[in-house]
Structures are given as structure tokens and as C-alpha cells.
Amino acid sequence: MEEFLLTIVGGGAVGLATAREFSRHISPEKILVLERHSHLGQEQSGRSSEVVHSGLYDEGLKLKLCLRGNSLLRSFCHDYQVPLETEGKIVVAKDKEEDKILEQLLHKATQNGVPEIIKINDTKRIKELEPNVNAYSALFSGTTGVIDSMAYLQALLQQTEKNGVYVLLGTNVTDIKPKQDGFTISLQQRNETYNIQTKAVINAAGLSAEELARNINPNNLFETVPVKGLYAVAKNKDNLQIKRSIYPLPWSFEQEGRTFYDLGVHLTPTIAGNEIRIGPVIKVAASKKDYQHDVSLDFFYERIVGYFPNIRREDLREGHVGILAEERNTHDFIIEPDKNFNNCIHLVGIESPGLTSSLAIGEYIWKNCNPLI
Ligand SMILES: Cc1cc2nc3c(=O)[nH]c(=O)nc-3n(C[C@H](O)[C@H](O)[C@H](O)COP(=O)(O)OP(=O)(O)OC[C@H]3O[C@@H](n4cnc5c(N)ncnc54)[C@H](O)[C@@H]3O)c2cc1C
């Protein structure tokens, strides 16, 4: 039976970034990454808004890892030629009332050390930046960007494998049994099943991390709420052209006894530049596999026409759907050792800005909750 030092379950941005980080410090051939899909980016990491966030809205561990992740991700994209757009973004207020909320956002961002946030009170200046956007005032964030997430995942895979890590795609983890000095992991590849031994486990299974955590230790009470993010798409040209991401004010809503924080239906120029991604519209999903696009284009239109007045209903078509792994009892990332087995680390509730934070999450685990120590 094969024996590894570290096994990472989940080959999304976080699992791969963590494998890359550990491969810089320990024998890479002792590290194994297991991903159930045969292709990268089938779950959260390949279905996001692709925004490299600045930390503007965040608190706690999310804030810390987003700030650090933003700068690590920029360097990574530069070093490995991953397409990254760095025009920043603007958050718009439509009137005096909304302007007060922008001021609060600015105050919080300044206190939190978020770099390059500038308030723009001059509507002429906003029109110079974005001629097709209407706003009373705006916040400009200079460190926000847009990334080609699939190219990022490919680059992470390449770097990780080049370092010598084994990454097995199309390999489903069906069971993890703790034993005295590690874990026995059961794997399924097509119709074959295997067992491997590992000293330590990092559970980076995204939407399935809660189930894996319970499989390892039934005392784990994580509860993931699958939250659907739906998109529409329009052409990025003529009187719809935008240069950078445009966000309305963030807001929150209550559903099923939980508060959901929503950044608002925003506009993001895709990395190719020829389209605008509009969304996400956020709602609780019927299940973790509920990828059905069930929000009308009228709804998208109504959400954006106030600040994007040239848009017409017929300019819109349906875009993709992603599902975020939100944790019921916290709005922060959970990155912690298992309560009974400290050679197992669980990553739960790694929703937005998890793509931005991915490299920083790997670094954080290595430095702060290393399952090999
Ligand atoms: C709609 C939406 C918009 C978002 N927008 C942004 C954004 O603009 N900016 C940003 O920074 N973040 C954004 N995010 C969040 C970001 O995408 C995630 O935080 C990040 O991708 C999480 O990466 P991950 O590797 O933890 O999870 P995932 O990408 O979900 O990867 C987990 C992997 O584990 C695998 N897995 C699960 N169970 C098993 C098993 N038993 N055996 C083997 N493999 C298994 C899955 O197949 C999956 O590939 C968004 C997410 C969504 C859904």
C-alpha cells in the first residue's frame, strides 16, 4: 500500500495552492492531491466572478488572507504568465443616502489597512473613468483585478507537478479512517478502488469538506449552506463598454435564519475583454448540485439599469452558475485542526474571496496549523 506524508483532498485553487506551498518545504514526492473530477475547475474555483479582491468588505481571517493573497496572486500571475487585468474597480452610490454608506466603507477600509482606496465625489471624474456608468459618488479600489481562473488553476497544477507532487485527477475519496499514526484513505478511480496510507490530511474539499470532516470524526459539526451565484452576460462594446469592474453597494438579506452578505449584482469585464459578466445574483441553492439557471434576465436588468443606463433587456443572455460553500455559523473562513486528530486540518466555508486568498491560505496552513508538526 502506498504511503504518503501529506494527502490533500480537493484539487481546487486552495488544495493546489496548499500543495505548492508544502512542496517548497518538504519532499514533494511525499505529497498527494486527490481530485474527484477529471478536469480542473468544476466546482467553486472554476465558477466564480474571477475578481481578485482587495479586502474592502472583509473582516477577521478573510481580511488577513485576502490582503496577503492579493499580493501573492499578483506576483504569481506575473511569474507564470497568468492573465490578470489590473484596472481596479469602482463601487458606486446613486444618491446622497448611498454616499453615506460609501463613506462608512471607506472608513472601514482605511482602518483595515486596505491599500489604494480613493473616494471620488466628482461625477465628471467618474464619467471620465467610466463614461457609461451613472453615479453620484464612487469608491475606487486600485488593487482589485480580474484573473483568468482556469489559467491560474493550470499554472498551479503545472508548478505543483513540476515540484514533484502527485496530483490524481478523477479520483474520489470515499472514506478516511484514522489510525494510530495517520489515516487510511479509500479512493475510487473509475470502477477501481484502492487504499493508501498517509501521516496527515488537509481537507480542502470545498462544498464537501463538511461531509469529509464528519467522515473522519463524527464529532465535527460543520454545516455548509450551498449558495447559488447566477450570472448574465452582455457584449462589452459601444455604449455598454466598461474598463473595470463596477459594483453597486453591498447589502444583506435574511433567509432560513441566517444573514447572507451580498456584494450586489456587479459588472466585470471578462479577461478577454469582449464580454461583461453580470452578477452574481445570490440565493440559497436547493442542493450542492443545483446548477440550474433559474433567475430571469429581467431580474438582472432591474438590478443594474440604475447605474448602467444604456443596458437593454435584449442585450442580456444567461451566463454560468456557481455554488459557494458558506458555513452556517460564521461568515469567516474556518481553517483549523480536527478536534481529535491534530494531523488533520479542515478548511470549511472557503467561499469568496477564497480564489484571491488561495496562495495565502497555503502559506497560513504551513506557518500556523501545520498538520506535520
Ligand atoms: C459564484 C461564485 C463567485 C465567486 N467569486 C469570487 C471572486 O470573484 N473572487 C474570489 O476571490 N473568490 C470568489 N469565489 C470564491 C472562490 O471561488 C472559492 O473561495 C475558491 O475557489 C475555493 O477554492 P477551493 O479549492 O476551496 O474549493 P473548490 O474549487 O470547490 O475545490 C474543492 C475541490 O474538492 C473536490 N472534492 C470534494 N470532495 C472530494 C472528494 N471526496 N474526493 C476528491 N475530491 C473532492 C471538488 O471536486 C473540488 O474540485 C466565488 C465563488 C463562487 C461560487
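Note that this is a predicted model, so its numbers are computed, not measured. (Residues numbered from 1 in each chain as written. Predicted model: local features only at pLDDT ≥ 70, side-chain atom pairs only at ≥ 80, totals over all residues.)

### What to know about the overall build of the protein chain
Stated precisely, the cut-off is as follows: Starting at the N terminus, helices and strands are each numbered in turn, a helix being any DSSP run of H or I of at least four residues and a strand any DSSP run of E of at least two. Taken over C-alpha atoms, the radius of gyration is set against a globule rule of 2.2 Å times the number of residues to the power 0.38. Put simply, a residue is buried when 20 or more other C-beta atoms lie within 10 Å of its own C-beta and exposed when 12 or fewer do; between those, it is partly exposed, and each C-beta is set from the backbone. By definition, residue pairs are in contact when their C-beta atoms, positioned from the backbone, come within 7 Å.
Of regular secondary structure, the protein chain possesses eight helices and 21 strands. The C-alpha atoms of the protein chain give a radius of gyration of 21 Å, which matches the 21 Å a tight globule of 373 residues would have. Over its C-alpha atoms, taken along the principal directions, the protein chain stretches across nearly 65 × 35 × 35 Å. Taking all 373 residues of the protein chain together, the buried fraction comes to 48%. Pairs at least 24 apart in sequence give 74% of the contacts found in the protein chain among residues at least 6 apart.

### Looking at the packing of helix α2 (residues 60-79) against helix α8 (residues 354-368)
Under the convention used in this document: The axes are straight lines fitted to the C-alpha atoms, using for helices just the contacting stretch, and the angles between their N-to-C directions are given from 0 to 180°. Each angle is binned into one of four classes, with values under 35 degrees roughly parallel, values over 145 roughly antiparallel, values of 65 to 115 roughly perpendicular, and all other values oblique. Under the grouping applied here, Gly and all other residues not named as nonpolar or charged are polar, the nonpolar ones being Ala, Val, Leu, Ile, Met, Phe, Trp, Tyr, Cys and Pro and the charged ones Asp, Glu, Lys and Arg.
Here α2 crosses α8 at 105 degrees, and the two axes come no closer than 6 Å. Classified by the interaxial angle, the pair formed by α2 and α8 is roughly perpendicular. Contact residues: L65, C66, R68, G69, N70, L72, L73 and F76 in α2; T356, S357, S358, L359, A360, I361 and Y364 in α8. Each residue belonging to the contact of α2 with α8 can be placed in one class, and the counts come to nine nonpolar, five polar and one charged.

### Details of the packing of helix α1 (residues 13-23) against helix α5 (residues 149-162)
Where we set the bar: Left-handed is the label given to a crossing in which the near helix is rotated counterclockwise from the far helix by less than a right angle, and right-handed is the label when the rotation is clockwise.
At a minimum axis separation of 9 Å, α1 and α5 run at an interaxial angle of 30 degrees. Of the possible angle classes, the one that applies to α1 and α5 is roughly parallel. Like other packed secondary-structure pairs, α1 and α5 cross with a definite hand, here left-handed. The segment α1 lies against α5, with A13, L16, A17, A19, R20 and S23 engaging Y152, L153, L156, L157, Q159 and T160. Partitioning the contact of α1 with α5 into residue classes produces eight nonpolar, three polar and one charged.

### Details of the domain arrangement of the protein chain
Size of an interface, as often reported, equals the accessible area lost when the parts are brought together. Here is the rule we go by: Just so you know, the domain bounds were taken from an automatic or database domain assignment.
On domain assignment, one finds that the protein chain holds domain 1 (3-79 + 149-223 + 330-368) and domain 2 (86-145 + 224-327). Contacts between the two partners involve 29 residues from domain 1, matched on the other side by 28 residues from domain 2. At the level of secondary structure, the elements contributing two or more residues to the side of domain 1 that touches domain 2 comprise β3 (51-52), α2 and α6 (209-216). Here the side of domain 1 that touches domain 2 takes three residues from α2, the largest share from any one element. Class assignment of the residues belonging to the side of domain 1 that touches domain 2 gives a composition of 12 nonpolar, 12 polar and five charged.

### Section: the site of the ligand
Note the following rule: As used in this record, a residue near a molecule or strand is one whose C-beta atom, placed from the backbone, is within 6 Å of it.
Looking at the ligand, there are 41 residues lining it, with G10, G12, G206, G229 and G354 nearest. Where the shell around the ligand is concerned, the elements lending two or more residues are α1, β10 (172-179), β19 (317-327) and α8. Considered class by class, the residues forming the shell around the ligand number 16 nonpolar, 19 polar and six charged. Here the shell around the ligand spans two domains, since at least three of its residues come from each of domain 1 (3-79 + 149-223 + 330-368) and domain 2 (86-145 + 224-327).

### Some remarks on the sheet that holds strand β8 (residues 145-147)
Test applied: Two strands make a pair as long as DSSP finds a minimum of two bridges between them.
Here three strands make up an open sheet; going across it, the order is β3-β8-β4 and the pairing antiparallel. The sheet is open, and its two edges are formed by β3 and β4 (84-85), each paired on a single side. Inspection of the sheet shows β3 paired to β8 by two bridges, in the antiparallel sense. Counted as the bridge partner of V52 is G145 from β8.

### Overview of the pairing of strand β18 (residues 275-284)
Burial of β18 is extensive: seven of the 10 residues sit out of reach of the surface. Two strands pair when backbone bridges link them, and strand β13 (residues 224-235) and β18 are joined in this way by eight bridges, in the antiparallel orientation. What sits directly across from V233, in β18, is R277. As paired strands, strand β17 (residues 266-269) and β18 are joined by four bridges and run antiparallel to one another. Looking at the pairing, H266 lines up with G279 of β18.

### Things to note about the nonpolar core
Keep this limit in mind: The term nonpolar core refers to a set of buried Ala, Val, Leu, Ile, Met, Phe, Trp, Tyr and Cys residues connected through C-beta atoms within 7 Å.
In this structure, V92, I278 and I304 are the most contacted members of the largest nonpolar core, which totals 108 residues. Top element by residues in this core is α2. It accounts for eight residues. Two domains share this core, each providing at least three of its residues, namely domain 1 (3-79 + 149-223 + 330-368) and domain 2 (86-145 + 224-327). Ignoring any residue separated from it by four or fewer positions in sequence, one finds I304 in contact with V265, L267, I278 and I311.

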